[in-house]
Amino acid sequence: MGSSSDNDDAESHQSSSIRVKRRPVPRKGHRKSRNGCLTCKKRKVKCDELSPRCGICTRLSLKCVFASDKSASPESSCNDLGPARSMSTDPSWFSIADTRFLQHFLFAAYPTLPLDGWTVWQGVSQMSYEYDFLIHAMLALGASHLNMLLGGTYLEAAIQHRVTAIKGLNKFLSSAHLNLHNADAAFAATLILAFQSHQMGEGLIEFLTMVRGCHLVGVHAMADFDNSLFRTFEREYYVKSASHLMKPTNAFARFGPEMVRGFCESAKKMAPLCTSVQDLEYLALLQRVATATVDNPLLGYREHTRLHDRLGWSTPEEFSRFIDPHNYPARLLILHMLILDNVMDSSIRETSTATTGSSIRHTFVYKPRILLVWAEEIANSLPAEYVPYSEWPVQFARRINRNQQQLLDWPETASASAQANVTEIMI
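Scope of this entry: the structure provided in the associated data block. (Residues numbered from 1 in each chain as written. Predicted model: local features only at pLDDT ≥ 70, side-chain atom pairs only at ≥ 80, totals over all residues. Heavy atoms only, no water.)

Some points on the environment of L141
At step 1: If you trace the backbone, L141 turns up in helix α7 (residues 132-150).
At step 2: Relative accessible area serves as the criterion here: at 0%, L141 is assigned to the buried category.
At step 3: Distance in space between the C-alpha atoms of L141 and Q196 is 5.2 Å, their sequence separation being 55 residues.
At step 4: With sequence-adjacent residues up to four places away left out, L141 is seen in contact with F105, A109, Y110, P111, I192, F195, Q196 and Q199. (Helix = DSSP H or I, 4+ residues; strand = E, 2+ residues; numbered from the N terminus. Buried < 20%, exposed > 50% of the residue type's maximum accessible area, 1.4 Å probe, protein only. Contact = heavy atoms within 4.5 Å.)

Here's the deal with the environment of V219
At step 1: Relative to the helices and strands, V219 is located in helix α10 (residues 204-221).
At step 2: Assessed through its relative accessible area of 38%, V219 is described here as partly exposed.
At step 3: Between the alpha carbons of V219 and G312 there is a distance of 9.1 Å; along the sequence they are 93 residues apart.

Points about helix α16 (residues 328-346)
At step 1: Taking 1.5 Å of rise per residue, 19 residues should cover 27 Å, and α16 covers 27 Å from first to last C-alpha, within 8% of that figure.
At step 2: Of all 19 residues making up α16, 17 are buried, and the element is well covered by its neighbours. (Expected span 1.5 Å × (residues − 1).)

What about the nonpolar core?
Within soluble globular proteins, side chains that are nonpolar generally end up buried alongside one another.
At step 1: Counting 57 residues, the largest nonpolar core has L208, F255 and L338 as the members making the most contacts within it.
At step 2: Sort the elements by how many residues they give to this core and α16 lands first, with 12 residues.
At step 3: Taken domain by domain, this core gets at least three of its residues from each of domain 1 (96-233) and domain 2 (244-408).
At step 4: The residues touching L208, leaving out its near neighbours within four places in the chain, are L311, F319, I323, I334 and M337.
At step 5: One finds Y131, F133, A137 and L141 within the second-largest nonpolar core, a separate group that totals 39 residues. (Core = buried A, V, L, I, M, F, W, Y, C linked by side-chain atoms within 4.5 Å. Domains from an automatic or database assignment.)

Remarks on the packing of helix α12 (residues 257-269) against α16
At step 1: Interhelical geometry of α12 versus α16 gives an angle of 160° and a closest axis separation of 11 Å. By the angle class used here, α12 and α16 are roughly antiparallel. At the point where α12 passes α16, the crossing takes the left-handed sense. Facing α12, whose interface residues are F263, S266 and A267, α16 presents H336, I339 and L340.
At step 2: Its residues placed into classes, the contact of α12 with α16 shows four nonpolar, two polar and no charged. (Axes fitted to C-alpha atoms, helices over the stretch in contact; angles between N-to-C directions. Parallel < 35°, antiparallel > 145°, perpendicular 65-115°, else oblique. Left-handed = near helix turned anticlockwise from the far one by under 90°. Nonpolar A, V, L, I, M, F, W, Y, C, P; charged D, E, K, R; others polar.)

Looking at the state of the cysteines
At step 1: This structure, assessed with the given rule, holds zero disulfides.
At step 2: As a non-bridged cysteine, C47 has C54 as the owner of its nearest cysteine sulfur, 3.9 Å distant. (Disulfide = S-S within 2.5 Å.)

With respect to the environment of P52
At step 1: Looking at the element boundaries, P52 is found in the loop between α2 (38-43) and α3 (55-60).
At step 2: A sequence separation of 12 residues divides P52 from C64, and the C-alpha atoms of the two residues are 7.8 Å apart.

A short note on the pattern of salt bridges
At step 1: One pass over the full model with this rule turns up seven salt bridges.
At step 2: A salt bridge links R162 to E206; the nearest nitrogen and oxygen atoms lie 2.6 Å apart. Here E206 lies in helix α10 and R162 lies in helix α8 (residues 155-175), a separation of 44 residues in the sequence.
At step 3: Judged by relative accessible area, which is 32%, E206 ranks as partly exposed.
At step 4: One network of salt bridges, with partners in common, ties together R288, E303 and R306. (Salt bridge = Lys/Arg side-chain N within 4 Å of Asp/Glu carboxyl O.)

Describing the side chain of N327
At step 1: Within the secondary structure layout, N327 lies in the loop between α15 (316-322) and α16.
At step 2: Each residue touching N327, except ones within four places of it in the same chain, is listed here: R321 and F322.

See the structure below:
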């Protein structure tokens, strides 16, 4: 009997032990997160699997990457700014800095082309929510512009947005069937990226490439150019706009007859260096543009547009040869072209009228600085026998910087002026 009682107690104890071990059974309804983001997996927390950013990563401001994004093409996860989906579906992708970049773009940093084109860029901003590459391009230019003006810490953000915009744009152009609406978006993004290149000390080749890209998208994608947002880019529209915006005094005050003579003499010296028909034609066009600034300013604007058209109409082989850093005659032609770009740009009132009726001047005081950086970069890359051909353009670039108190070291007065202008815009 005692033995039987002991056995019963043992069985009862064993059964009790088994029941204790099976207590987790009530969690049977729990669904394990198998498709959660990599960040939650690494932190060993349950992911709610919300896409494109899970709730936990959003709440903790963590980078949220899903395995599907990792295995996708580089275009879908090229950096921390998120995969290439419509940004309008997830406002959390915008940081406080991004909202500032966008506002700055819309009021002060949008491209100065088309001339007097504030309404054009407002139209572009309204379509940007449909095209990630376009909104990233706008943010990139806004960030670059603020970085140039205020010497802040926006360079990394500008580059990140630029990389995302370029990758998205390339993917879009290679796969999309272009129509009037999305061709406008592609053209706008390319033009914005060209202007951003003009704010980069090492962006000369990218600037020339984007200028060519604008021409290719405009010519081959915009079949219905008359109904495009950018219809005023047509040459006669451009010249007509220039005639309305030119300063009432001498349109080319900084580029008078003496400067024109200096430019043409410098250009003529390069003639023996130009061995191709393309280079000789470009050299002749440079001299025609310079001469027209004195004799017929409107003709000067019309001829100046052909300088950039040449980049677009050239074959891929011709363009590659033209921008080759070791093609020294072409480097000198580009240097003289940059001088004329600056002259044409500075002769027009860079103002736009906002809906409030107030006139806000573009804060592009950095342009002479970039001109000098690029001019000296070209001159320093030349062999000794080519350097004399760069002397006049480099001296001209330095003179512009001295006149505007914009040497490579920003003077306090210019910095304060830029800060005040930006503050006015932000208010």
